[in-house]
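# Coordinates in review
Single-letter residue listing:
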Amino acid sequence: MQNKRALLFLLSANAVSGFSQGISMLAIPWYFTKVLNRPDLFGIIYAVVTLISMFWALYAGSLIDKYSRKKIFLLLNLVSGIFLLLISGIGFYLHETPSYLAVSVFFITILNYNIHYPAVYAFGQEISSKENYGKFNSLAEIQGQATSVLSGAIAAILMSGTEHGALNLLGATIRLPFEFSPWTLQEIFLLNACTYFIAVLFVLKIPYTQSYQVKTSEKLLTRIKDGVSFLRKNKAIFVFGNTSLAIFVVLLVQVQMLLPMYVNNHLHQSADVYASSEIYYAFGALFAGFFIRKLFKNTNTINAILSLMIVTVLLFVGCFIFTSVFYFFVFSILMGITNAGSRVLRITYLFHHIPNDIIGRTSSVFQMINTLLRFIVASLFSIPFFSQSNNVIWAYLACALFVLIAIFPLLKQYKNLTKNNTI
């Protein structure tokens, strides 16, 4: 691959900052569900944060096409690190982290997501050759999910602590020669702040010269219109870009909102099972990063994504039917494969069909619609009914229906999308 050094530092920075995000996004939902016993409150917070981030996502995409991707990535990690360091300091001063500070970290992390990943992929597309787009996306997925394995394991250890020298991880009991108590949120936020600063050092090492010209005086609305105009002329790509995100929509809502309730209310398990599910998910996603293109090498991208969507529907139906920790871990592994696999295939397809100088603006349109859908789904699931008893299983059935519905417009554009396309 060309620009190996630049890609190495980019992927390293992405891994380190992803580690920080992963721990925070596990700790905060569990804090509201298990510690505060207010999953319904967190559902409302999640819906509101998602709605606000919709407008930010639209703006973020235009920034990616206007400014240096290196500077954006650098500033993003620096600001996030300073913010978490400040919140952690307040928590240590107060000897606790109030819920409103935890919400603020969740909010900042969601905003981070909305520009972090589009910036990483636009950056990777810019500095890698066309024939290596698929390889870069697979590598990004592999390192991202390897980081998730680590962050999930660390989160399980930090959130659960030990009991009589025993640590529960991945459904197994591990004996340790020492004991420690679960970490507080302020301690977790301090660790996360440090990882953001480490990511800054990696970003600074990336050798980079901007490869495209932009009109710095061009207004935001004009840049957004450019993205919309491109997608209006390419309806099939518009449909593909949105429907192929269906798995990602339900996965985010499931992980950040439903998962703590499912583990606590339906499975009646503790934080170690909750965090271990993220590790199993990451193992599945790692498999997808290594093998998804080989698995579907004899078919086209659309067939591959349709297959993964159908499997996802069946997996969510299974969560509705079964009350089993074993099935839950199997579900997590296979969801890792379907979500990460569809994402690798989707992004590679878009790289080949959307020019780099407009990729950020088109991504912002997809991101806005994706965020709006997540807001609608999260608002529905924030109704108190879903947090009562084990009613969360009905939310999982609704997720299956959501993905099933998304299959039909993709099928309608099948012929247009499969012209001259193979994985």
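As a starting point, this report considers the structure included with it. (Residues numbered from 1 in each chain as written. Predicted model: local features only at pLDDT ≥ 70, side-chain atom pairs only at ≥ 80, totals over all residues. Heavy atoms only, no water.)

### Quick notes on the overall build of the chain
Within the chain one finds 15 helices and two strands. Within the chain, the proportion of its 423 residues that are buried is 60%. The long-range fraction of contacts in the chain, counting pairs at least 24 apart against all pairs at least 6 apart in sequence, stands at 85%. Only carbon and sulfur atoms are counted for the fraction: they give 66% of the accessible area of the chain, which is about 17,700 Å². (Helix = DSSP H or I, 4+ residues; strand = E, 2+ residues; numbered from the N terminus. Buried < 20%, exposed > 50% of the residue type's maximum accessible area, 1.4 Å probe, protein only. Contact = heavy atoms within 4.5 Å. Areas by Shrake-Rupley, 256 points an atom, 1.4 Å probe, with all protein chains shown as cover.)

### Structural notes on the packing of helix α1 (residues 4-35) against helix α3 (residues 69-94)
Viewed as axis vectors pointing N to C, α1 and α3 meet at an angle of 30°, and their least axial separation amounts to 12 Å. By the angle class used here, α1 and α3 are roughly parallel. Considering the relative orientation of α1 and α3, their crossing is left-handed. Of the residues in α3, those in contact with Leu10, Ala13, Asn14, Ser17, Ser20 and Ser24 of α1 are Phe73, Asn77 and Leu84. Tallied by class, residues from the contact of α1 with α3 come to four nonpolar, five polar and no charged. (Axes fitted to C-alpha atoms, helices over the stretch in contact; angles between N-to-C directions. Parallel < 35°, antiparallel > 145°, perpendicular 65-115°, else oblique. Left-handed = near helix turned anticlockwise from the far one by under 90°. Nonpolar A, V, L, I, M, F, W, Y, C, P; charged D, E, K, R; others polar.)

### Topic: a nonpolar patch on the surface
Taken together, the side chains of Leu86, Ile90, Tyr93, Leu94 and Tyr100 present a nonpolar region at the surface, about 560 Å² in accessible area. The element best represented in the nonpolar patch is α3, accounting for four residues. Summarising the element assignment, tyrosine 100 is placed in helix α4 (residues 99-127). (Patch = residues over 30% accessible without salt bridge, like charges linked within 9 Å, V, L, I, M, F, W, Y side chains within 5 Å. Salt bridge = Lys/Arg side-chain N within 4 Å of Asp/Glu carboxyl O.)

### Structural notes on the environment of glycine 336
Within the element layout of this structure, glycine 336 appears in helix α12 (residues 325-353). According to the relative accessible area criterion, glycine 336 is buried, its value standing at 0%. Apart from residues no more than four positions distant in its own chain, glycine 336 is found in contact with Tyr281, Gly284, Ala285, Ala288 and Gly341.

### Observations regarding unusual backbone geometry
The backbone of histidine 268 sits at a positive phi, close to 55°, despite the residue not being glycine. Relative to the assigned elements, histidine 268 resides in the loop between α9 (246-266) and α10 (271-295). We classify histidine 268 as exposed; its relative accessible area is 61%. Of note, the phi angle at serine 389 is positive, near 50°, even though the residue is not glycine. With respect to the helices and strands, serine 389 occurs in the loop between α13 (359-381) and α14 (392-412).

### Regarding α14
For α14, with 21 residues, the first-to-last C-alpha span of 32 Å sits near the 30 Å given by 1.5 Å per residue. Along α14, the positions that sit buried rather than exposed are Val392, Ile393, Ala395, Tyr396, Cys399, Ala400, Val403, Ala406, Ile407 and Leu410. Take α14 and look down its axis: the buried residues cluster within an arc of 155°, on one side only. Opposite the buried face of α14, at more than 90 degrees from it, the exposed residues are Ile405, Phe408 and Lys412. (Expected span 1.5 Å × (residues − 1). Arc of directions from axis to C-beta.)

### Points about the packing of α3 against helix α6 (residues 185-204)
Describing two packed helices takes the angle between their axes plus the distance from one axis to the other. Look at α3 against α6: their axes get within 8 Å of each other, and the N-to-C directions meet at 160°. It follows from the interaxial angle that α3 and α6 lie roughly antiparallel. Between α3 and α6 the crossing geometry is left-handed. Among the residues making up the contact of α3 with α6, the classes are represented as 17 nonpolar, seven polar and two charged.

### So, a positive patch on the surface
A contiguous patch of positive charge, built from Lys4, Lys135, Arg293, Lys294 and Lys297, is present on the exposed surface. Considering the arrangement of structural elements, one finds lysine 135 in helix α5 (residues 133-160). Assessed through its relative accessible area of 40%, lysine 135 is described here as partly exposed. (Lys, Arg positive; Asp, Glu negative; His and termini not counted. Charge placed at Lys NZ, Arg CZ, Asp CG, Glu CD.)

### What to know about the nonpolar core
Core analysis: the largest hydrophobic core is formed by 122 residues, its most contacted members being Leu258, Met309, Phe328, Phe331, Phe381 and Tyr396. The biggest single contributor to this core is α1, with 15 residues. Each residue touching leucine 258, except ones within four places of it in the same chain, is listed here: Val253, Phe381, Val392, Ala395, Tyr396 and Cys399. (Core = buried A, V, L, I, M, F, W, Y, C linked by side-chain atoms within 4.5 Å.)

### With respect to the environment of asparagine 242
Inspection of the secondary structure assignment puts asparagine 242 in helix α8 (residues 235-243). A C-alpha to C-alpha distance of 10.0 Å links asparagine 242 and serine 363, two positions 121 residues apart in sequence. Other than its neighbours up to four places away in sequence, asparagine 242 contacts Phe366 and Ile369.

### A short note on the side chain of threonine 243
Inspection of the secondary structure puts threonine 243 in helix α8. When its relative accessible area of 10% is taken as the criterion, threonine 243 is described as buried. Separated by 2.7 Å, the side chain of threonine 243 and the backbone oxygen of valine 239 make a polar contact. Look past the residues within four positions of threonine 243 in its chain and what remains in contact with it is Met309, Ala406, Pro409 and Leu410. (Polar contact = N/O pair within 3.5 Å; in protein donor to acceptor, adjacent residues only side chain to side chain.)

### Focus on the packing of aromatic side chains
Evaluation of the coordinates by the stated rule reveals 17 aromatic pairs. Aromatic side chains phenylalanine 381 and phenylalanine 386 sit 5.2 Å apart centroid to centroid with 70° between the ring planes, which places their arrangement in the edge-to-face category. You'll find phenylalanine 381 and phenylalanine 386 in the same group, each marked buried. Among the aromatic residues, ring-to-ring pairing joins Tyr262, Tyr280, Phe316, Phe328, Phe329, Phe331 and Tyr396 into one connected group. Taking NZ or CZ as reference, arginine 346 lies 5.4 Å from the ring centre of phenylalanine 366, over its face. (Phe/Tyr/Trp six-rings, centres within 6.5 Å; stacked < 30°, edge-to-face > 60°. Lys NZ or Arg CZ within 6 Å of the ring centre and 35° of its normal.)

### Concerning the state of the cysteines
Within the structure shown, the criterion is met by zero disulfides. Left without a disulfide partner, cysteine 399 is nearest to the cysteine sulfur of cysteine 319, which lies 9.4 Å away. (Disulfide = S-S within 2.5 Å.)

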